[in-house]
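Chains, contacts and geometry: an overview
Listed below are the residues making up each chain.
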Amino acid sequence: MTRAQQQPGRNGTGATSAVQSVDRAVSVLEILARHGEAGVTEIAGELGVHKSTAFRLLGVLENRGLVAQTTDRGKYYLGAGVLRLAGAAAVRLDISQEGVPVCRELADELGETVNIAVLDDDAAVNIMQARGTAAVTAQNWLGRRTPLHATAGGKVFLAHMTPVLREGHLSRPLHRFTEHTVTGASVLRGGLETVVERGFAATLEELELGLAAVAAPVRAHDGTVIAALSVSGPVYRLNADRLPELGSRTATAAAELSRRMGYGF
């Protein structure tokens, strides 16, 4: 029995049809991972679909770089796009593992909440958190998507993007979360230059009233910024006078995490 025959009720239209297409596309990737390479006829046979359907699926996957075609025999194999996705997943896993002792030490030393965030399209996503003794609130940032322009970690990512990507973000309407949120592109550009120069970003009540934060870049072995290490807490403890000191300490911890990720060797 074919895979398609094992999944009845998927021949409808609309959402059901879209789910079926996604399922079949994933199955194509699994077939190529299993065989190394395969032709349209072989893939269609394993899916239990017509060759034209298999060809359309392969075309979509090829356009996204997830499969590629040999020039001599016309067979397909997994493309570089799969490596890109796998690499991104591996980075998240590795940095979560390597970040545990660094975050724990920093949280214990400063008494505040420490997070590691990674870039996810137009937002920063927190993938790890450690709380210090002074962090009495139970606010959980894990898995939370936060805006780039209004957070310290987000400004780290913006500051180290290519100019084209950065301008793409700054050209969009920037939401104002509080009266302190910077929404002017020209002002943000100047601030991002400062982030690069001093090695960390800082925000005071830009995302939430009463909340302040600092963040520094974490680099991969090739120098690419892959994450932001941040320290956040209430403004009565993380006031403007204390932020430079906290930013410097956070940058030192981020450099240590970068070293653990292979940067500097």
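An unreviewed UniProt entry lists the protein chain under the name IclR family transcriptional regulator, with Streptomyces griseoloalbus as the source organism.

Time to look at the overall build of the protein chain. Secondary structure summary: the protein chain contains eight helices and eight strands in total. Here the protein chain, with 265 residues, has 43% of them falling under the buried criterion. By sequence separation, contacts in the protein chain at least 24 residues apart represent 56% of the contacts at least 6 residues apart. Split by element, the accessible area of the protein chain, about 13,800 Å² in all, is 55% carbon and sulfur.

Below, the discussion takes up the environment of Thr146. Mapping Thr146 onto the fold places it in strand S5 (residues 145–147). Judged by relative accessible area, Thr146 falls into the buried class, the value being 7%. Once the C-alpha coordinates of Thr146 and Val125 are considered, the two residues, 21 residues apart in sequence, prove to be 6.4 Å apart. Excluding its chain neighbours within four sequence positions, the residues that come into contact with Thr146 are Ala123, Ala124, Asn126, Trp141, Thr151 and Leu207.

We now examine the pairing of strand S6 (residues 201–204). Alternating residues of S6 divide into Ala201 and Thr203, all buried, and Ala202 and Leu204, none buried. Turn length for the S6-strand S7 (residues 211–219) hairpin, with the two strands adjacent in sequence and antiparallel, is six residues, and the turn residue Glu205 shows positive phi of about 55°.

Further remarks concern helix H5 (residues 152–159). In terms of residue burial, H5 counts as a mostly covered element, since eight of its eight residues are buried. Those residues of H5 lying buried are Ala152, Gly153, Gly154, Lys155, Val156, Phe157, Leu158 and Ala159. For H5, the capping residue at the N-terminal end is Thr151, with a side-chain oxygen 3.0 Å from the backbone nitrogen of Gly154.

Now for the pattern of salt bridges. What the rule picks out here adds up to 13 salt bridges. A salt bridge links Glu98 to Arg260; its shortest N-O distance comes to 3.4 Å. Taken together, the residues span a long stretch of sequence, with Glu98 in helix H4 (residues 80–110) and Arg260 in helix H8 (residues 243–260) at a distance of 162 residues. Assessed through its relative accessible area of 33%, Arg260 is described here as partly exposed. Across the salt bridge formed by Glu109 and Arg249, the nearest N and O atoms sit 2.7 Å from each other. Here the residue Glu109 occupies a position in helix H4, and Arg249 occupies one in helix H8, the gap between them amounting to 140 residues. Classification of Arg249 by relative accessible area gives partly exposed; the value is 21%. Connected through salt bridges with shared partners, the residues Glu98, Glu256, Arg259 and Arg260 form a single ionic network.

Every buried residue of helix H2 (residues 40–47) is accounted for by Val40, Ile43, Ala44 and Leu47. The buried residues of H2 occupy an angular sector of 100° when projected down its axis, which confines them to one face. Facing away from the buried surface of H2 by more than 90 degrees, the exposed residues are Thr41 and Gly45. Elements in contact with the buried residues of H2: helix H1 (15–35), helix H3 (51–63) and strand S2 (76–78). Residue Gly48 follows H2 closely and has a positive phi angle near 75°.

Criteria and cut-off values
- The numbers attached to residues start from 1 for each chain and follow its sequence in the written order.
- Local features in this predicted model are restricted to residues whose pLDDT is 70 or higher, and side-chain atom pairs enter the listing and the counts only when it is 80 or higher, whereas totals over whole chains, interfaces and linings include all residues.
- Remark: hydrogens and water are excluded; side-chain values derive from all non-hydrogen atoms of the structure.
- The helix and strand labels rest on DSSP assignments: H or I over at least four residues marks a helix, E over at least two residues marks a strand, and numbering proceeds from the N terminus.
- Only protein chains enter the accessibility calculation, which uses a 1.4 Å probe. A residue is then buried if its area is under 20% of the maximum for its type, exposed if over 50%, and partly exposed in between.
- Contacts are residue-level and defined by heavy atoms, with any inter-residue pair within 4.5 Å sufficient.
- Every accessible area reported is derived by Shrake-Rupley at a probe size of 1.4 Å, with residue values counting cover from the shown protein chains alone.
- Being paired, for any two strands, means DSSP has found at least two bridges between them.
- Here a polar contact is taken to be a pair of N or O atoms separated by no more than 3.5 Å, where protein atoms must pair a possible hydrogen donor with a possible acceptor and residues adjacent in sequence count only if both atoms sit in side chains.
- Any Lys or Arg side-chain nitrogen located within 4 Å of an Asp or Glu carboxyl oxygen qualifies as a salt bridge.
- Within this analysis, the arc is defined by the directions that extend from the helix axis to the C-beta atoms.

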